[in-house]
Amino acid sequence: MTLEQTIHRQFAEVSKLGFPESLDKKRKQGIEKFLELGLPTKKDEEWKYLHLPSFVKHNFSEVTNSENLPLTTEEISQKIGEIQSQNKLIFKGETPDLENASLQEKGVVFIPISKALEDTQYQSIIEKYLGNIAQEDMSLSFANLATFTKGYFLYVPKNVVLQEPLEVVFAQKTASAVYSSVRNLVVLEESSSVSLQETHLSLNDSGNFTNAVTEVYLGQNAQVEILKLQNDSQSSMLVDSCFIGQQKDSIAKVFTFSFGGKVTRNNLHFYQNQTGCHSFLNGLSLLTDAQCVDHHTLVHHKAEDCQSHENYKGIFDGTSKGIFNGKVLVDSSAQRINAFQQNDNVLLSDSASINTKPQLEIFADDVKCSHGCTIGQMDEDALFYLQSRGLPKNEAKGLLMLAFCSQILEEIKVSSFKEKIHQILSEKLHASLDLEF
């Protein structure tokens, strides 16, 4: 089946599962909107540099237990490092493994969203928030709403601060290409705080397509840090959309590390709805061969006295392609805004490419906003200097690339995750780019 046919078929199957009536209504609206919009093409301004239909040419199988191959935690750890968090949710195909005993006494809910939908005490929260912030005309987000069966639900009560990070892993190994929808909902009440690690991983070369949507709601003075690791197989495709709504004095940080996959598209949208909000967006991409990563970000400043800081870096080799489109939108009522945006890229081969488009749309007059981008090759003077101090050429190149990435790595506060990213980054530079350390 084509991707469109698969989505329509999955909607029909999901409709039989007996979810709450309010969710069924939203699902019907989602499939209607998807059928109206269709798959995005180059005619859509937001997909100008990524023609998705050209990558989606093969047939998809339905997600069934027969398609999912046995998958162990050890296989996952070999790809992304050891899963160290005490509280974790690991999806091996459709079946999740959950450890969250230490959270329950604090009133924190961290469970599969399918389980939350079966429990009446959580249905009112899900009905209130699910699908309310992801309202843009993004057809794949509507397709996700219509077809999702897995994902996680995280609820943190007022004044609860979690010191240890939570970890979620979506891993699958299938016999043939499958389309899967992942839906996550995060609700943080006033003055609560959490750090969340999220990984998407395909362990086969069948050409899986994962469509993930995460909605995050931050109450007054709440804080969230989301650490995303994307290290799929060379044939997999991932569209990861994250929407964050912020209330007064809240802080949201998102780190996105894109190291694998045939096509990875990240849609990251922040909405600063009240005063005093802070938003931090950091990204690092390292691609080789014919991989493609597309970062689309939006920070919408709706209220006064807010700040946003955005810093994305990319290293591209082989025939890989990078896309960055970052937009900062400042409403006329949003005075005294401080917004910074920067995108820096290194091309290690003549066949690699990057399309970068930083944007500012400002309708207020008392603001401090800046943006910029750089595209270049490795600094030959710095390379010569290191070689003149006795370093072999490949080792000098490796050190320069790590130095280029260091500004992003230094911002990570979770030491175990920082070590994991550094290890994956070093291995990829060594194996794919033949750089030594």
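Preceding this paragraph is the structure being described.
The shown structure was predicted, so the numbers you read here are calculated from the model rather than taken from an experiment.

Novice: I'm lost on the pairing of strand β10 (residues 237–246) in this one. Help?
Specialist: Each regular strand displays side chains that alternate between the two surfaces of the sheet. Most of β10 is tucked away, with 10 of its 10 residues classed as buried. Residues Met237, Val239, Ser241, Phe243 and Gly245 point to one face of β10 and Leu238, Asp240, Cys242, Ile244 and Gln246 to the other, with burial holding for every one of them. As defined by bridge partners, strand β8 (residues 209–218) adjoins β10 across 10 bridges and the pair is classed as parallel. Residue valine 216 lies in a different strand from β10, and its bridge partner there is isoleucine 244. The pairing of β10 with strand β12 (residues 263–272) spans 10 bridges and is parallel. Pairing of valine 239 across the sheet is with arginine 265, part of β12.

Novice: Whenever I open this one, the state of the cysteines confuses me. Can you help?
Specialist: Between two cysteines, a covalent bond joining their sulfur atoms is known as a disulfide. Evaluated as defined, the whole model comprises 0 disulfides. Here cysteine 292 stays unpaired: no disulfide links it, and the sulfur of cysteine 373, its closest cysteine neighbor, is 17 Å away. Accessibility expressed as a relative area gives 4% for cysteine 292, which makes it buried.

Novice: Please explain the packing of aromatic side chains as it appears in this structure.
Specialist: Each aromatic ring pair is described using two quantities: the centre-to-centre distance and the angle formed by the ring planes. Summed over all chains, the structure comprises 10 aromatic pairs. A centroid spacing of 5.9 Å and a plane angle of 40° characterise the contact between tyrosine 179 and phenylalanine 209, whose relative ring orientation is tilted. Of this pair, tyrosine 179 sits in strand β6 (residues 179–188) while phenylalanine 209 sits in strand β8, and the two are 30 residues apart along the sequence. What makes tyrosine 179 buried here is its relative accessible area of 0%. For phenylalanine 209, a relative accessible area of 0% puts it in the buried group. Connected via pairs of aromatic rings, a cluster forms that spans Phe91, Phe110, Tyr152 and Phe170. One Lys or Arg, arginine 27, reaches over the ring of phenylalanine 148 and ends 4.2 Å from the middle of that ring. The ring of phenylalanine 404 has lysine 313 lying over it, and the distance from NZ or CZ to the ring centre is 4.6 Å.

Novice: It is not clear to me how the packing of helix α9 (residues 380–388) against helix α10 (residues 393–409) should be interpreted in this structure. Could you clarify?
Specialist: A pair of packed helices can be characterised by two numbers: the angle between their axes and the separation between those axes. Contact geometry of α9 with α10 gives a least axis separation of 9 Å together with a crossing angle of 125°. With respect to their mutual orientation, α9 and α10 come out oblique. Pair α9 / α10 crosses with right-handed handedness. Between α9, through Ala382, Leu383, Leu386 and Gln387, and α10, the contact on the second element is made entirely by Lys393, Ala396, Lys397 and Leu400.

Novice: Teacher, can you tell me more about the sheet that holds strand β14 (residues 292–301) here?
Specialist: Strands in a sheet are paired, the pairing made by backbone hydrogen bonds, and the direction either parallel or antiparallel. Reading across from one edge, β3-β4-β6-β8-β10-β12-β14-β16-β18 is the order of the 9 strands in this open sheet, with mixed pairing throughout. The outermost strands of the open sheet, each flanked by one partner alone, are β3 (109–112) and β18 (353–362). Looking at each pair of strands side by side, their axes are set apart by 5° on average, direction ignored.

Novice: Got a minute to help me understand the side chain of aspartate 294 in this structure?
Specialist: For aspartate 294, the location among the structural elements is in strand β14. At 2.9 Å, the side chain of aspartate 294 and the side chain of histidine 296 are in polar contact. The residues contacting aspartate 294, other than those within four sequence positions of it, are Leu50, Thr264, Arg265, Asn266 and Ile323.

Novice: Which parts of the structure should I look at to understand the sheet that holds strand β7 (residues 193–202)?
Specialist: Strand order across the open sheet formed by 10 strands is β2-β1-β5-β7-β9-β11-β13-β15-β17-β19, with mixed pairing between neighbours. With partners counted over all chains shown, the strands left at the sheet margins are β2 (95–99) and β19 (367–376), one partner each. The average angle at which neighbouring strand axes cross in this sheet is 5°, direction not considered. Two elements, strand β5 (residues 166–172) and β7, share 7 bridges in a ladder whose sense is parallel. Looking at β7, one finds that glutamine 172 is bridged to serine 202. Against the sheet, helix α4 (residues 73–80) makes contact with β1 (87–92), β5, β7 and β9 (223–230), and its axis sits at roughly 100° relative to β7, the strand it touches most.

Novice: In this structure, what is going on with the nonpolar core? I would like to understand it.
Specialist: Within soluble globular proteins, side chains that are nonpolar tend to cluster in buried spots. Grouped together as the largest cluster of nonpolar side chains are 35 residues, with contacts concentrated most on Ile76, Leu229, Phe257, Phe259, Leu409, Phe417 and Leu425. Elements with a minimum of two residues in this core: α4, β5, β9, β11 (251–258), β13 (278–287), α9, α10 and α11 (415–433). Here the element with the most residues in this core is α10; it accounts for 8 residues. Once residues within four sequence positions are removed from consideration, isoleucine 76 is found in contact with Leu71, Gly81, Ile83, Ile90, Lys92, Val169, Ala171, Leu201 and Leu203. Core analysis: the next-biggest nonpolar cluster, separate from the first, contains 34 residues, Leu103, Val182, Leu196 and Val299 among them.

Novice: Please explain the pattern of salt bridges as it appears in this structure.
Specialist: In the structure shown here, the tally under the stated rule is 16 salt bridges. Shared partners join several salt bridges into a network, and the residues in it are Arg9, Glu13 and Lys16.

Novice: So what exactly am I meant to see when it comes to helix α8 (residues 139–147) here?
Specialist: Three or four residues apart is the spacing at which side chains of an α-helix point the same way, because the helix has 3.6 residues per turn. Burial of α8 is extensive: 9 of the 9 residues sit out of reach of the surface. Taken together, the buried positions of α8 are Ser139, Leu140, Ser141, Phe142, Ala143, Asn144, Leu145, Ala146 and Thr147. Among the structural elements, α1 (3–14), α2 (21–37), α3 (52–55), β6, β8 and β10 are those in contact with the buried residues of α8.

Novice: Please explain the pairing of strand β4 (residues 152–156) as it appears in this structure.
Specialist: Buried residues dominate β4, accounting for 5 of its 5 residues. Residues Tyr152, Leu154 and Val156 point to one face of β4 and Phe153 and Tyr155 to the other, with burial holding for every one of them. The pairing of β3 with β4 spans 4 bridges and is classified as antiparallel. Note on β4: the bridge partner recorded for isoleucine 111 is phenylalanine 153. Note that β4 and β6 share 4 bridges and pair parallel. In the strand pairing of β6, valine 156 is matched with leucine 188.

Calculation criteria
- Residues numbered from 1 in each chain as written.
- Predicted model: local features only at pLDDT ≥ 70, side-chain atom pairs only at ≥ 80, totals over all residues.
- Heavy atoms only, no water.
- Buried < 20%, exposed > 50% of the residue type's maximum accessible area, 1.4 Å probe, protein only.
- Helix = DSSP H or I, 4+ residues; strand = E, 2+ residues; numbered from the N terminus.
- Pairing = 2+ DSSP bridges.
- Disulfide = S-S within 2.5 Å.
- Phe/Tyr/Trp six-rings, centres within 6.5 Å; stacked < 30°, edge-to-face > 60°.
- Lys NZ or Arg CZ within 6 Å of the ring centre and 35° of its normal.
- Axes fitted to C-alpha atoms, helices over the stretch in contact; angles between N-to-C directions.
- Parallel < 35°, antiparallel > 145°, perpendicular 65-115°, else oblique.
- Left-handed = near helix turned anticlockwise from the far one by under 90°.
- Contact = heavy atoms within 4.5 Å.
- Polar contact = N/O pair within 3.5 Å; in protein donor to acceptor, adjacent residues only side chain to side chain.
- Core = buried A, V, L, I, M, F, W, Y, C linked by side-chain atoms within 4.5 Å.
- Salt bridge = Lys/Arg side-chain N within 4 Å of Asp/Glu carboxyl O.

Taken by themselves, the reported measurements are silent on function.
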